[in-house]
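Descriptive structure summary
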Amino acid sequence: MSIAKTAKKGVTFHNPLKADDGYTLFSGMYGRDVWLIDMEGYIVNRWSMPQIPGCHQVLLPNGNLLYAGKYKSAEELGLPIPFTGIGGILTEVDWAGNVIWQADVPYQSHDFHVMD
């Protein structure tokens, strides 16, 4: 099923001569799904996560998804300003969405980097 064909959103035109081949990994700001789509807008995989996103996710070399989830607001953490990009919990899931690893990181910002 193509997101572009069913929702009239997302990839509506793809010129392979002007784009590198690859995939796009994304999530919405308030939904709980993470999507992996190809260059035509076809869904390669979709993960339903337990928390809304903390603005970052990455595919690991083994194919697993590492996801920053948000489980507390900036106010609940005692931060002086509203900040939608805060994390709170890192979760690694496999291709089928099974939790492999999880860690509480209450003040994790909007981004992270996986180290060796």
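The structure under discussion appears in the preceding block.
Residues numbered from 1 in each chain as written. Predicted model: local features only at pLDDT ≥ 70, side-chain atom pairs only at ≥ 80, totals over all residues. Heavy atoms only, no water.

**Some thoughts on the sheet that holds strand β2 (residues 33-38)**
Across a sheet, paired strands are connected by hydrogen bonds in the backbone, their directions being either parallel or antiparallel. Pairing is antiparallel across the open sheet formed by three strands, whose spatial order is β1-β2-β3. The two strands at the open ends of the sheet, each matched to only one other strand, are β1 (23-27) and β3 (43-48). Each neighbouring strand pair of the sheet contributes to a mean axis angle of 10 degrees, computed without reference to strand direction. In this sheet, β2 lies alongside β1 in antiparallel orientation, the contact comprising five bridges. (Pairing = 2+ DSSP bridges. Helix = DSSP H or I, 4+ residues; strand = E, 2+ residues; numbered from the N terminus. Axes fitted to C-alpha atoms, helices over the stretch in contact; angles between N-to-C directions.)

**Focus on the pattern of salt bridges**
The tally for this structure, following the rule as stated, stands at one salt bridge. Here Arg 46 makes a salt bridge to Asp 33, at a shortest N to O gap of 3.4 Å. With Arg 46 in strand β3 and Asp 33 in strand β2, the pair connects residues that are 13 residues apart, well separated along the chain. (Salt bridge = Lys/Arg side-chain N within 4 Å of Asp/Glu carboxyl O.)

**Quick notes on the packing of aromatic side chains**
Under the criterion given, the structure shown has one aromatic pair. Seen in terms of ring centroids, Trp 47 and Trp 95 are 5.5 Å apart; in terms of plane orientation they differ by 85 degrees. Their pairing is edge-to-face. Of this pair, Trp 47 sits in strand β3 while Trp 95 sits in the loop between β6 (88-93) and β7 (99-104), and the two are 48 residues apart along the sequence. Residue class for Trp 47 comes out buried when judged on its relative accessible area of 1%. (Phe/Tyr/Trp six-rings, centres within 6.5 Å; stacked < 30°, edge-to-face > 60°. Buried < 20%, exposed > 50% of the residue type's maximum accessible area, 1.4 Å probe, protein only.)

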